[in-house]
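Observations on the model geometry
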Amino acid sequence: MLKLVCLVPLLPLIGFLVIGLFGKKLSKGWVSAIGCGSVFASFAISLAIFIELIGRVEKSYTIDLFSWISAGKLSIPFSFLVDPLSSLFLLIITGIGFLIHLYSTGYMSKDEGFSTFFAYLNLFIFFMLILVLGSNYLIMFVGWEGVGLCSYLLIGFWFKNTAYNDAAKKAFIMNRIGDLGFLLGIILIYVTFGSVGYYEVGQFLISGSYVSGTPVITAITLLLFVGAIGKSAQLPLYTWLPDAMAGPTPVSALIHAATMVTAGIYMIARSNLLFTMAPITMDVVAIVGVCTALFAATIGLAQNDIKKILAYSTVSQLGFMFLALGVGAYTGAVFHVMTHAFFKALLFLGAGSVIHAMSGAQDIRKMGGLKKYLPITQLTFLLGTLAIVGFPGFSGFFSKDEILAAAYESNKLLWFLGILAAAMTTFYMFRLFFLTFTGNFRGSNHQKEHLHESPKSMTIPLIILAALSVFGGFIGIPEVLGGHHFLEEFLKPVFEGSSLRITHQLSHNTEYGLMAATTFVMAASLFYAYTIYFKNKTLPAEEGEKLNPWHQLIYKKYLVDELYNTLITKPLNLISGGLHKIMENQLVDGIINGIGTIVNWASTKIRLVQTGNIGFYIFVMVISIVLILFTQMI
Amino acid sequence: MSAIQVIPLNWYLLLSTVLFTIGVLGVLFRRNAIIIFMSIELMLNAVNLLFVAFSSYLSDSKGQVFVFFIMAVAAAEVAVGLAILMMVYRNTKTTDINILNKLKW
Amino acid sequence: MITIFLILFPLLAALLLVLIKGEQVVKIAMIAAIIEFAISIFALSQFHYNANVQFEANYAWIKSLGIHFHVGIDGISLLLVLLTTFLVPIIILASFNSNYKNPSIFYSLIFLMQMALIGVFVSLDGFLFYVFWELALIPIYFICLLWGGDNRAKITFKFFIYTLAGSLLMLIGLIYLYQNTPGTHSFDIEALYLAGRGLDAIHQGYIFIAIFMAFAIKIPIFPFHTWQPDTYTTAPTAGTMMLSGIMLKMGTYGLIRWLLPVVPLGVQEWGNLAIVLSVTGIVYASCIAITQKDFKRLIAYSSIAHVGLIAAGILAFNVQGLQGAMAQMLSHGINVIGLFFIIDIIQQRTGKRDFESLGGIRNVNPQFAVLFLIVLLGSVALPLTNGFIGEFLLLNAVYQYSPWLAAFAGLSVILGAVYMLRSYQSVMLGETNAITSSFGKLSNNEKIVLAILCLAIITFGIYPKPLLDISEPAVIKLVTTITQ
């Protein structure tokens, strides 16, 4: 069965090629069938692999395909690694991927780029699978850049719109900033360990050749983390993700919420041995994570675009995952990746359903009362919201609790900031929910007539995801609640090496206390949102209305985009123009042309010797001969 | 002892030097192209004289061979040079080298 | 024998083409180019994968000066010969729609250039190398001068004089080495190696500077590059392709064969400066490319950035660097030709190549948009395209030389994305305007050219091993002989 793992990425690739090459000639039905079918087949195989892996004792298998790059001592095979971590990600990617493909058949049905869209989606799945399946860092990098490309293509899917194209370009370039860090990290790994394979690097580290905190390990991990910052939209490279909402909503769900943006977490979890040996980097990861969680959550408080709110919430949740990684709770991070994939995909798809019903409008100030028209969407959205805020029993509760417990153990301040971010999450998510689904409809009459529940192809994925959001947490019920943490057991072989160094020993009472605190803060925040937006029916400020400075600042997203524009984009253009006009044309070319000019000038002077007077020539000749003879005599 | 060797070599050297100097000065100071031409011939002949004298004193015939060479070349040169001068004169009505300075810069 | 045949056949084709008039010229040129490619493939099939020089031929030319017509092919040469013979038919096919005046002369010059380029890559005699090196300049000079665009006389003149000045310095270096060859003086490569390595560090430094200048101008390395953007912009597309796709590889090849092994101590003396210049050029050219308004000029600058990395990798002098340079020479040849061809297609249809007047071509011709995108991705070195193989190996090599330089050179990863995506967006995306709305379909030969190039980009990106294996033994031998 494990040999079949090659088929997992191969099938979407074939799907991509077929749709990409013959898409124009195929009917929409065939395109959907090939698009969804290939991903579903991958899902089936992934599931079989997952189940088989549970049963096996040996958990890690490498499948060599061919030798990719080799030069001298450097040799990089194109090979796959099947182990608990990658098989779990396979399941998430193909599972959610399939649901979103299915959803897209309904959501995109009227779009002229239908087949292109499915081709891109399949290509994305292919690269994402390569990312998690690779057995060395360079193969991960292949997938890493590949998903970046697909993200670029899909954000700019409606390519006639310049703003969307700009957003796509921004995403690609910001990702590339991270990618450079990642690439340098890979090279440093090669230079240090002589290999870029996970297994080889792991062996090196376990053998104890390096002590914890060695500068070179810190450098490697920091460089890798730069890559993760770019891909997973952390401070300071997060600004592309909210803009990436320009793409079709299924794309936002699949790429910019459930899968691609979690690549950074996967990468660090995969490199857990390296990171565990670099305490400084771990602190950096935790701090960046918690800051992002808090920072993005505050921005989310004041946004009015349904997708932008979800985007900032994604950034914030990714921050939680990095916090988990930074305090060494690798399982918690992966757990949260999984539950987040469920509920965030659900929320985005729900938002898509709302947008679909609203004929494309995304401003929640113009919504309200949609409960009546979109009952299924409303219910599933509510379940998703409860899951993300960590309502006890829902999936988000278990994963977030695990993260916060680990943070508490590591540093109380991290825990406190995490709780604060969680409280804000609750507030803005319920603000979103109340404004969208309760109260009276505030849109135009034209929109009102058009309101309708989405077709089956869209609601079925919602229902499945809602079920997963509710029950998905049960695979990781902590011991303290009388559960058996299945996920931790399953992932143990991957994180074993690190857990020797990082231990978790909170007393049961402390854990109960933490849970109670989390739940209490969540409830208080929920109640606050309820009072404002449900009971008092307060509406967000309209455009141009005067806001207090703080509100204004977070409404304007702390002006970070403007800041980057002034600090980086404009100076870069200035430098470019300056280099071209002054350095290039005046200085470098000036010197070259100057040499030519000097030769020309000198020749105009020297040629004056050619007077044309024969007498002068002869005189010079005679004098010269005499001089030569004279010097010869000496 | 041949007739040439009756006169000491120094005298030949002196005569040759004087002739050559006259030729050089003629070339330098005269402006008429034909006279310059004649001065050049004078220099050539000064050299010829020297060649012959040394050839005789050293009993080596190579010098005389050279003299014939120089005479042949000088003849050819005169033929071509005078022809050029003729053409110059026909076109400009002058043989003054100070006026013939078109070929400059 | 094959080597001589490889050199002579294009010459024959060039002579033949002069005699032919009329419509047949292009077709015959195409056939000749394909035959030449077939010959090189035959050479590949006969090639033994080891470090030795093969298909050697050695005839006395000017005996009294120790000059021989000595040619031969090893792995490094073979890859570049293959690149040349592969690209020339593509360039000719790409020029089908261009309708150059006096086609017989034009294609004859192309073949003359091919001959000279192959000669450069297979020469094993310093004097012969120099002759071919200069010979390559003559046809391209006439191609640019007679078929070029605006202001061509001045620009071509500058290009000619500039490169010639560099070559003369190289000649001085070669003659100095020749004077120092042991025993009877000879221009043979091994004799020159011995001569060069026998010198003390200071003199090797002088030789390094003299010969490096020639290569630096040809490659071109910052700050000797200013002839390049103008020339690329002005030259006819086929000429630009010959220049950028193949001719500048003469410089990088020269570094590998005629500089580093000759004066290893000189490299130690001056290599640091040379690498710094190369890396500076990468970032410098990338920065300038960002605000270019003319597409062709933008690609010209991006080309400077790419070859800067190749030069830096070569000068870092380890197996990864040289193998990366080989890979990148092939990729750059393919990608840059693809890009210039794309510009040519756009310019032929719209008459424009500045970003302001273009836009929205993807609406009109999605197929073209896809092909363009693939070439672009190769150019920004996305993994699984050919550009990545070289870039990874080169950065790796530079990193081993100096991490900071590698980080600095790596900025091109970001800047490359900035200017390439910007150009793609301005040309292909957005709304169609009056100029681009009549873009129309691609003709068959255009499709074939782009399809071949795209296929090469992806195949080489996924499975580069067959090509890398050709040069690896020779490269390893080179590195081990020098470092010992």
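Residues numbered from 1 in each chain as written. Chains lettered and ligands numbered in written order. Predicted model: local features only at pLDDT ≥ 70, side-chain atom pairs only at ≥ 80, totals over all residues. Heavy atoms only, no water.

Scanning chain A from terminus to terminus reveals 25 helices and two strands. Projecting the C-alpha coordinates of chain A onto the three principal axes gives extents of approximately 115 × 65 × 55 Å. A burial count over chain A gives 58% of its 634 residues as buried. Sequence separation of 24 or more characterises 81% of the internal contacts of chain A that already satisfy a separation of 6 or more. (Helix = DSSP H or I, 4+ residues; strand = E, 2+ residues; numbered from the N terminus. Buried < 20%, exposed > 50% of the residue type's maximum accessible area, 1.4 Å probe, protein only. Contact = heavy atoms within 4.5 Å.)

The interface of chain C with chain A comprises 57 residues on the first partner and 52 residues on the second. In this assembly, chain C packs against chain A so that about 4,900 Å² is buried in total across both faces, 70% of it on carbon and sulfur atoms. A salt bridge links Lys158(C) to Asp589(A); the nearest nitrogen and oxygen atoms lie 2.6 Å apart. At the surface where chain C touches chain A, the tally comes to 20 residue pairs in polar contact (both at pLDDT 80 or more). (Buried area = accessible area lost by both parts, 1.4 Å probe. Salt bridge = Lys/Arg side-chain N within 4 Å of Asp/Glu carboxyl O. Polar contact = N/O pair within 3.5 Å; in protein donor to acceptor, adjacent residues only side chain to side chain.)

This part takes up the interface of chain A and chain B. In this assembly, 12 residues from chain A lie in contact with 10 residues from chain B. Counting the surface lost from both chain A and chain B, the interface buries some 910 Å², and carbon and sulfur atoms represent 68% of this. Ranking the residues of chain A by area buried against chain B places Gly612(A), Ile614(A) and Ile618(A) at the top, with a combined share of 36%. Here chain A is connected to chain B by zero salt bridges.

Next up on the list: the packing of aromatic side chains. Residues and elements named next belong to chain A. By the definition in use, this model includes 74 aromatic pairs over all chains. Relative to Phe534, the ring of Tyr530 lies with its centre 5.2 Å away and its plane at 25°, an arrangement referred to as stacked. Within this pair, Tyr530 and its partner Phe534 are both found in helix H22 (residues 508-535), separated by four residues, close to a single helical turn. For Phe534, a relative accessible area of 31% corresponds to the partly exposed category. (Phe/Tyr/Trp six-rings, centres within 6.5 Å; stacked < 30°, edge-to-face > 60°.)

Below, the discussion takes up helix H4 (residues 114-133) of chain A. A rise of 1.5 Å per residue sets the reference length of H4(A), with its 20 residues, at 28 Å; its end C-alpha atoms lie 29 Å apart and thus fit the reference within 8%. Among the 20 residues that make up H4(A), 19 are buried, leaving the element largely enclosed by the rest of the structure. (Expected span 1.5 Å × (residues − 1).)

For the rest of this paragraph, the subject is the nonpolar core. Core analysis: the largest hydrophobic core is formed by 430 residues, its most contacted members being Trp68(A), Leu274(A), Phe215(C), Phe368(C) and Phe392(C). A total of 18 residues in this core trace back to one element, the largest contributor, which is helix H15 (residues 330-357) of chain A. Residue-level mapping places this core at the junction of two domains, with at least three residues from each of domain 1 (281-542) and domain 2 (562-633) of chain A. The residues touching Phe215(C), leaving out its near neighbours within four places in the chain, are Phe129(C), Trp133(C), Met170(C), Gly251(C), Gly254(C), Leu255(C), Trp258(C) and Leu259(C). In terms of nonpolar packing, the next biggest core, distinct from the first, is built from 10 residues, Ala33(B), Met43(B), Leu85(B) and Ile97(B) among them. (Core = buried A, V, L, I, M, F, W, Y, C linked by side-chain atoms within 4.5 Å. Domains from an automatic or database assignment.)

Along its sequence, chain A is organised into domain 1 (281-542) and domain 2 (562-633). On a C-alpha basis, the centroid separation for the pair domain 1 of chain A and domain 2 of chain A is 70 Å.

Residues and elements named next belong to chain A. A full pass over the atoms with the stated rule returns 14 salt bridges over all chains. Where Arg56 meets Glu52, a salt bridge forms, and the shortest distance between an N and an O atom there is 2.4 Å. Given a relative accessible area of 30%, Arg56 falls into the partly exposed group. Relative accessible area serves as the criterion here: at 22%, Glu52 is assigned to the partly exposed category. As a salt-bridge pair, Arg176 and Glu145 come within 2.7 Å of each other at their nearest N and O atoms. Placement of Arg176 in helix H6 (residues 162-193) and of Glu145 in helix H5 (residues 137-155) is noted, with a sequence separation of 31 residues between them. Comparing Arg176 with Glu145 shows no difference in burial state: the two are buried.

Turning our attention to the packing of helix H13 (residues 279-301) of chain A against helix H18 (residues 412-437) of chain A. Residues and elements named next belong to chain A. Relative orientation of the contacting elements H13 and H18 amounts to 25°, with a least axis distance of 9 Å. Judged by the angle between their axes, H13 and H18 are roughly parallel. Helix-helix and strand crossings are classified by hand; for H13 and H18 the assignment is left-handed. Residues Ala286, Val290, Ala293, Leu294, Ala297, Thr298, Gly300 and Leu301 of H13 form the contact with H18, whose own contacting residues are Leu414, Leu417, Gly418, Leu420, Ala421, Met424, Phe427, Tyr428 and Arg431. Taken together, the residues of the contact of H13 with H18 sort by class into 13 nonpolar, three polar and one charged. (Axes fitted to C-alpha atoms, helices over the stretch in contact; angles between N-to-C directions. Parallel < 35°, antiparallel > 145°, perpendicular 65-115°, else oblique. Left-handed = near helix turned anticlockwise from the far one by under 90°. Nonpolar A, V, L, I, M, F, W, Y, C, P; charged D, E, K, R; others polar.)

All names here are of chain C. The sheet contact formed by strand S1 (residues 54-62) and strand S2 (residues 67-73) spans six bridges and is antiparallel. By the bridge assignment, Ala57 is partnered in S2 with Val71. The hairpin turn running from S1 into S2, its antiparallel successor, is four residues long, and Gly66 in that turn takes a positive phi close to 70°. (Pairing = 2+ DSSP bridges.)

We now examine the arrangement of the chains. The chain pair with the greatest number of contacts, out of two pairs of chains in contact, is formed by chains A and C. With no contact formed, the shortest span from any C-alpha in chain B to any C-alpha in chain C equals 23 Å.

This part is about the side chain of Thr192(A). Relative to the helices and strands, Thr192(A) resides in helix H6. A distance of 2.5 Å separates a polar side-chain atom of Thr192(A) from the backbone oxygen of Leu188(A).

Turning next to a nonpolar patch on the surface. Residues and elements named next belong to chain A. On the surface, Ile606, Val609, Ile614, Phe616, Tyr617, Phe619, Val620, Ile623 and Leu627 cluster together into a nonpolar patch covering about 770 Å² of accessible area. Top element by residues in the nonpolar patch is helix H25 (residues 614-633). It accounts for seven residues. Inspection of the secondary structure puts Tyr617 in helix H25. Among the residues examined, Tyr617 registers a relative accessible area of 30% and is labelled partly exposed. (Patch = residues over 30% accessible without salt bridge, like charges linked within 9 Å, V, L, I, M, F, W, Y side chains within 5 Å. Areas by Shrake-Rupley, 256 points an atom, 1.4 Å probe, with all protein chains shown as cover.)

Cis geometry is adopted by the peptide bond preceding Pro220(C), which originates at Ile219(C) and carries an omega value of -10°. Along the chain, the position of Pro220(C) falls in the loop between helix H8 (201-218) and helix H9 (227-234). In this structure, Pro223(C) follows Phe222(C) across a cis peptide bond, with omega equal to 0°. For Ala233(A), which is not glycine, the phi dihedral falls at a positive 50°. Of note in this structure, Leu384(C) is not a glycine but carries a positive phi near 75°. Turning to its location among the elements, Leu384(C) is positioned in the loop between helix H15 (366-379) and helix H16 (386-401). Accessibility expressed as a relative area gives 12% for Leu384(C), which makes it buried.

Right, let's talk about the environment of Leu260(C) for a bit. All names here are of chain C. On the secondary structure map, Leu260 appears in the loop between helix H10 (237-259) and helix H11 (264-290). You can call Leu260 buried: its relative accessible area is 2%. Each C-alpha atom, one on Leu260 and one on Leu478, is 9.3 Å from the other, the two residues being 218 residues apart in sequence. Those residues within four positions of Leu260 in sequence are excluded, and the remaining contacts are Leu255, Val267, Ile314, Leu315, Phe317 and Ile482.

Turning our attention to the confidence of the model for chain A. Averaged over chain A, the pLDDT score is 86; the fraction of residues at 70 or greater is 98%. Mean pLDDT in chain A bottoms out at helix H23 (residues 549-555) of chain A, which sits at 77, and peaks at H5(A), which reaches 92. (pLDDT = per-residue confidence, 0-100.)

With that settled, the discussion passes to the environment of Gly134(A). With respect to the helices and strands, the residue Gly134(A) is situated in the loop between H4 and H5. Relative accessible area serves as the criterion here: at 0%, Gly134(A) is assigned to the buried category.

Inspection of the secondary structure puts Arg257(C) in helix H10. In contact with Arg257(C), not counting residues within four places along its chain, are Asp74(C), Ile76(C), Ser77(C), Ile189(C), Tyr193(C) and Val262(C).

Scanning the model with the defined rule gives zero disulfides over all chains in all. Left unpaired, Cys150(A) is separated from the closest cysteine sulfur, that of Cys454(C), by 17 Å. (Disulfide = S-S within 2.5 Å.)

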